[in-house]
Amino acid sequence: MPSGADACVRGLKAVLTVPMTDLARVQLTFVSPSGDRASGCTKEREATAKVKLPEPLGDRDVVVDNYTRFTLDGAEPPALRLCGELGCTPPATGCTAASYEQALRAVDAPEHTYRDSEQCDGKWLVLDFSWRTGPACAGSTEPGCSSRLGDRWFYRAKKSGWDPFFRTASGGCRAVRRAEPDFPARLCASLAPLPSR
């Protein structure tokens, strides 16, 4: 919550927004002058808000303000565990489509990105992807309608997911092996340079 010298939060409350189904949806609200820098509410502090549920939570997840999800799975009761961007049970790092989606998020790839190719051995990954540019003109053969920008990233596997460590448009292994000599040649030797458009 916003915090400072004066009262920075009024009316903090938590309410169940819809009847419980497989989830408990909770909304947190409060009033604060924190947007006004002159208010002095420029720091943060923890706060507690209680919500009364019509029945025990059971094994339901809790969603706060439509986006933040908590789960009992893997948590130390009575606490809940905060789920990440990839959900409460993110995909294992590996050579799978779900894992490649995590790799795209790790480099902040543009929305509606297309994966063009992957070279993967479970420990290392090369991911080529592209995204459309220019006018939206489905089904047209006009040159501007098919223009794309592309990117190539190299990753190493970590427990938390694919970790990007190098980016290049060049082909082959020379550039990536300067950055990481242990990167396996079998994953980069056949890479062609990326087109400029």
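Check the entry above for the structure.
Residues numbered from 1 in each chain as written. Predicted model: local features only at pLDDT ≥ 70, side-chain atom pairs only at ≥ 80, totals over all residues. Heavy atoms only, no water.

Let us now look at the environment of Cys-83. Take Cys-83: it is sitting in the loop between β7 (81-82) and α1 (97-106). Residues Cys-83 and Phe-70, 13 residues apart in the sequence, show an inter-C-alpha distance of 5.5 Å. Leave out the neighbours within four places in its chain, and Cys-83 touches Arg-69, Phe-70, Thr-71 and Cys-88. (Helix = DSSP H or I, 4+ residues; strand = E, 2+ residues; numbered from the N terminus. Contact = heavy atoms within 4.5 Å.)

Under the counting rule described, the total for this entry stands at 9 salt bridges. The closest approach of N and O atoms between Arg-69 and Asp-61, which form a salt bridge, is 2.9 Å. A salt bridge links Arg-115 to Glu-101; its shortest N-O distance comes to 2.6 Å. Separated by 14 residues along the polypeptide, Arg-115 in strand β8 (residues 114-120) and Glu-101 in helix α1 bring together distant segments of the chain. Look at Arg-115 and you get partly exposed, because its relative accessible area is 29%. Several salt bridges converge on common partners, so that one network encompasses Glu-101, Arg-115 and Glu-118. (Salt bridge = Lys/Arg side-chain N within 4 Å of Asp/Glu carboxyl O. Buried < 20%, exposed > 50% of the residue type's maximum accessible area, 1.4 Å probe, protein only.)

Let us now look at unusual backbone geometry. In most cases, non-glycine residues show a negative phi, while peptide bonds are predominantly trans. With an omega dihedral of 10°, the bond running from Pro-77 to Pro-78 counts as a cis peptide bond. Although it is not a glycine, Asn-66 sits at a positive phi angle of roughly 75°. Along the chain, the position of Asn-66 falls in the loop between β5 (61-64) and β6 (68-71). In this structure, His-112 takes a positive phi of about 65° despite not being glycine. Its relative accessible area of 62% is what places His-112 among the exposed residues.

This part is about the side chain of Thr-168. Relative to the assigned elements, Thr-168 resides in the loop between β11 (161-167) and α2 (174-179). Thr-168 gets classed as buried once you look at its relative accessible area, which sits at 15%. Looking at Thr-168, its side chain comes within polar contact range of the side chain of Ser-170, at 2.9 Å. Apart from residues lying up to four places away in sequence, Thr-168 is in contact with Arg-152, Phe-154, Ala-175 and Leu-194. (Polar contact = N/O pair within 3.5 Å; in protein donor to acceptor, adjacent residues only side chain to side chain.)

Shape descriptors only; they carry no functional weight alone.
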